[in-house]
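Summary of the model geometry
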Amino acid sequence: MSVIHTPVLGAEILTALDVRSDGSYIDCTVGEGGHTAMLLAAVQPPPRVLGIDLDASALATATARLASFGDAVTLAHGSYVDMKRLATEAGMDGVDGILMDLGLSSLQL
């Protein structure tokens, strides 16, 4: 059975990031894609989101979870310390918001 993360502070995150259809955002710790799914579903058409994670298994789950959003989302295997390079490689020359969920991942325990 797969565990799917549901963001606890979803409304607060959407308000703080002021998510817009024409916006570009980075989720530096995409994990299973909970926050990214929330960002993508917040407005129509969905904004552009780059999701970054070091955990290849979590990225596989996020890929499946976010497939319906098509090219609005780009997932990258890597660390948030490389976000500038990863954003450039994804064709982003600027972003409107960055999200970093630096809490503990129970999947990695």
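Before any of the text, the structure's been laid out above.
For clarity, every value in this text was computed on a predicted model and none was experimentally measured.

**Things to note about the overall build of the chain**
In terms of helices and strands, the chain carries four helices and four strands. Ordered by position from N to C terminus, the α and β elements of the chain give α-β-α-β-α-β-α-β. Within the span of the chain, comprising 109 residues, buried residues form 43% of the whole. Long-range pairs, those at least 24 residues apart, make up 71% of the contacts in the chain with a sequence separation of at least 6. Only carbon and sulfur atoms are counted for the fraction: they give 57% of the accessible area of the chain, which is about 6,100 Å².

**Quick look at helix α3 (residues 56–66)**
By the burial criterion, the buried members of α3 are A58, L59, A62 and L66. Looking straight down α3, one finds that the buried residues subtend no more than 100° of arc, so they occupy a single side. Exposed and facing more than 90 degrees away from the buried side of α3 are S57 and A64. Of the surrounding secondary structure, the elements contacted by the buried residues of α3 are α2 (34–41), β2 (48–53) and β3 (73–77). Among the residues of α3, the N-terminal cap falls to D55, whose side-chain oxygen and the backbone nitrogen of S57 are separated by 2.9 Å.

**Things to note about the sheet that holds strand β1 (residues 24–27)**
Reading across from one edge, β3-β2-β1-β4 is the order of the four strands in this open sheet, with parallel pairing throughout. Here the strands that pair on one side only, and so sit at the sheet edges, are β3 and β4 (97–99). Neighbouring strand axes in the sheet, compared pairwise and without regard to direction, differ in orientation by 15° on average. Bridge analysis of β1 against β4 gives three bridges, and the strand direction is parallel. Paired with Y25 across the strands is G97, a residue of β4. Contacts between α3 and the sheet are confined to β2 and β3, with β3 contributing the most and set at about 170° to the helix.

**Re a nonpolar patch on the surface**
The grouping of Y80, V81, V95, I98, M100 and L102 at the surface amounts to a nonpolar patch, some 540 Å² of accessible area in total. Along the chain, I98 turns up in strand β4.

**Remarks on the packing of helix α1 (residues 10–17) against α2**
Across the interface, α1 lies against α2 with an axial gap of 11 Å and an inter-helix angle of 60°. As judged from the angle between their axes, α1 and α2 are oblique. Note on packing geometry: the crossing formed by α1 with α2 is right-handed. Residues G10, I13, L14 and L17 of α1 form the contact with α2, whose participating residues are H35, M38 and L39. The residue inventory of the contact of α1 with α2, partitioned by class, reads five nonpolar, two polar and no charged.

**Focus on the pairing of β2**
In terms of burial, β2 is largely enclosed, as five of its six residues are buried. Two strands pair when backbone bridges link them, and β1 and β2 are joined in this way by four bridges, in the parallel orientation. Bridge pairing in β2 places D27 opposite G51. What joins β1 to β2 is α2, and the crossover it makes is right-handed. The pairing of β2 with β3 spans five bridges and is classified as parallel. Paired with L50 across the strands is T74, a residue of β3.

How each quantity is defined
- Residues numbered from 1 in each chain as written.
- Predicted model: local features only at pLDDT ≥ 70, side-chain atom pairs only at ≥ 80, totals over all residues.
- Heavy atoms only, no water.
- Helix = DSSP H or I, 4+ residues; strand = E, 2+ residues; numbered from the N terminus.
- Buried < 20%, exposed > 50% of the residue type's maximum accessible area, 1.4 Å probe, protein only.
- Contact = heavy atoms within 4.5 Å.
- Areas by Shrake-Rupley, 256 points an atom, 1.4 Å probe, with all protein chains shown as cover.
- Arc of directions from axis to C-beta.
- Polar contact = N/O pair within 3.5 Å; in protein donor to acceptor, adjacent residues only side chain to side chain.
- Pairing = 2+ DSSP bridges.
- Axes fitted to C-alpha atoms, helices over the stretch in contact; angles between N-to-C directions.
- Patch = residues over 30% accessible without salt bridge, like charges linked within 9 Å, V, L, I, M, F, W, Y side chains within 5 Å.
- Salt bridge = Lys/Arg side-chain N within 4 Å of Asp/Glu carboxyl O.
- Parallel < 35°, antiparallel > 145°, perpendicular 65-115°, else oblique.
- Left-handed = near helix turned anticlockwise from the far one by under 90°.
- Nonpolar A, V, L, I, M, F, W, Y, C, P; charged D, E, K, R; others polar.
- Right-handed = clockwise from strand over helix to strand, strands pointing away.

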